[in-house]
Every structure is written in C-alpha cells, then in structure tokens.
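If you want the building blocks of each chain, they are given just below.
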Amino acid sequence: MKKAVVTGAAGFAGCNLVEHLIRQGYEVYAVVRESSAHNRRLQESRCLHPIMLDMEQMNLLPGKIWEPCDLFYHLAWAGGRDEFDAQYRNVAVAVSAVEAAAQIGCRRFICTGSQAEYGSRTQIQTEDLAPQPFSSYGAAKAAACYLTQNRAQQLDIDWIWGRIFSLIGRYEPHGRMLPDLVQKIRAGETAHLSAGTQNWDYLDAGDAADELIALGERGRSGEIYNIANGDYHPLKEFTEQIRTALNPEAQIIYGELPSPLVSLQPSMEKVSRETGWKPKVSFMESISEYQ
C-alpha cells in the first residue's frame, strides 16, 4: 500500500487531502495538534494513523513513523497574515519538515505555498513570475519556497511547491467571505461587499486535494505549480450566482467595503500539461457543502 504523511491534516485543505488520499489507496500518517478542535473532522479508518505533534516538534516526527513513506505533504502553517514573528517561525518549521521527510525515507516532499507570494499583479499569474509579496504571510511563504527547495536538494529528496489560490467547499470555516455570505442570503439578511470588480478564482477543496495527489505522483521535481481552477471572473459574478440560486430576493449592496489589492488570474496550463489534472467540481456544487 502507498503511504503518505500529511501535516496540518485536520485543517481545511489538509482534511480534504487526507480523505482523498485514503480513497485513492494510501495509508496516511496525519500530523495534528493535540489541542485542535478540528481533529474531530478526521474519520476513523484502518488506513489513518493520527500523530499528535505541535509544529515546533517537527524534529520528533521521524521517531513516530517507523517505515518509509512515498509522499510527504507539508500543509501546517500558523499565524495571521501580518503576524511577523509567527510567519517567521513557519519558515523554520517548513525546513524542519523537509529534514523529517528525508529521515523518514520519503521519496517526495510537497509543500503548499500561496497566491500571496505573487502579490498584487495585473497580469496572468504564471509560475515563472518572480514573487512580490506585500504581507508577512506572503513573504514567509516565498522564503519557505526557496529554503525548502535548497534543503531538499541537499538531502537528495524530490521537491514540489503548490501555490494555493482560493479554496472553497467541504470544511471551509465560517468567518470567511463565502460561507458568511451564504448564511446571510439564506437568512434573507442584507450583505455588504466591495464593488466586486476584481477577478477571483475559486477551486473546490476536494479538487485541490486531487491536484496535490497528482503533483505528488506525477509532478516534476524542482517545480512550482498553481493550485487553482483557472476559470476566473469578477467576484460579483460569483456572488450574484449564489444570490440567484439560493434567494433571489436577498439584497447585496456592493461598494460599501474596500476592494482588495489582489486580483486572482491564475494560469493552469502547466499543471494540466504535466500531470493531466483538471478541476471537476462546479462552483455551486462547492457552495452546497456549506451548512
């Protein structure tokens, strides 16, 4: 049986990845914080082995896994976007994760970055664009990208970096824009948004999990890939689609909130060409996951 390690395994993206790995025949070592309320998301399975470990204890992980694994996915990340100290610590944890992967005997290390590495760009976001982050979060992700790649080369382990854009769907927490908008529209409450003219791209978290698996199995070592849908539109088109489908009488007032600096326009040509992966879940299918 194929084996994978996943850090941040109870998180939004992590839990979707764990479920899809198991469906595709993997035995999974799921690394989670013992105190996390999200651990209840992980469903019992003979193919699932939870490991309770704080991020800063990554050096202890090899002592808890006694067999080589095929893939190591590092998704664990902490802190707010402008919490410099927390973001700085994340970089060291990511490097420690590479070292743990090598000690365990993993063939490949796959780490998730972010569209925040690109910063505010007006052109199509292709993987060869140089990072221009403007937040501590984006800067830390960019630093982790280069440092984990360098450490993986030193340790002779395959390295792949996946830049996540905007995920939606199963396990998405409240407090984010779409789940809160859906809640307001269903309740008939007025929603207040930005003008919604910026382009946005939404990818179902299950599709993202399948892309990560495709990258682990077929992605080229040493490469960066966007994790997105590629079907981007002005944000207002998405929010109007939700209003029309759920409650056409609900009101959305546009322009009352400031527009974000970022416009998401990811290219998905590279991952499609090199792995054959394509998204399958529609926008409204993802929205249906919100309870």
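Residues numbered from 1 in each chain as written. Predicted model: local features only at pLDDT ≥ 70, side-chain atom pairs only at ≥ 80, totals over all residues. Heavy atoms only, no water.

**Student:** I would appreciate a short explanation of the nonpolar core in the present structure.
**Tutor:** In a soluble, globular protein the nonpolar side chains are often hidden away together inside. Ranked by internal contacts, the top residues of the largest apolar core, which has 60 residues, are Leu-17, Leu-21, Tyr-73 and Leu-178. Top contributing element to this core by residue count: helix H5 (residues 205-218), with seven residues. Those residues within four positions of Tyr-73 in sequence are excluded, and the remaining contacts are Val-5, Val-6, Thr-7, Leu-17, Leu-21, Ile-110, Leu-212, Ile-213 and Gly-216. With 34 residues, the next largest nonpolar core counts Met-58, Phe-72, Ala-76 and Ala-100 among its residues. (Core = buried A, V, L, I, M, F, W, Y, C linked by side-chain atoms within 4.5 Å. Buried < 20%, exposed > 50% of the residue type's maximum accessible area, 1.4 Å probe, protein only. Helix = DSSP H or I, 4+ residues; strand = E, 2+ residues; numbered from the N terminus. Contact = heavy atoms within 4.5 Å.)

**Student:** It is not clear to me how the pairing of strand S11 (residues 223-227) should be interpreted in this structure. Could you clarify?
**Tutor:** The two faces of a sheet get side chains in turn, since along a regular strand they alternate between them. A large share of S11 lies buried, amounting to five of its five residues. Side-chain alternation along S11 places Glu-223, Tyr-225 and Ile-227 on one buried face and Ile-224 and Asn-226 on a second face that is also buried.

**Student:** Sorry, what's going on with helix H3 (residues 136-155) here?
**Tutor:** For an α-helix, 3.6 residues make a turn, and residues three or four places apart therefore share a direction. Its 20 residues place the ends of H3 28 Å apart at the C-alpha level, agreeing with the 28 Å of an ideal helix rising 1.5 Å per residue. For H3, every residue scored as buried is listed here: Ser-136, Tyr-137, Gly-138, Ala-140, Lys-141, Ala-142, Ala-144, Cys-145, Thr-148 and Ala-152. For H3, the elements touching its buried residues are helix H2 (84-104), strand S5 (108-114), strand S6 (158-164) and S11. Backbone geometry just downstream of H3 places Asp-156 in the positive-phi region, at approximately 60°. (Expected span 1.5 Å × (residues − 1).)

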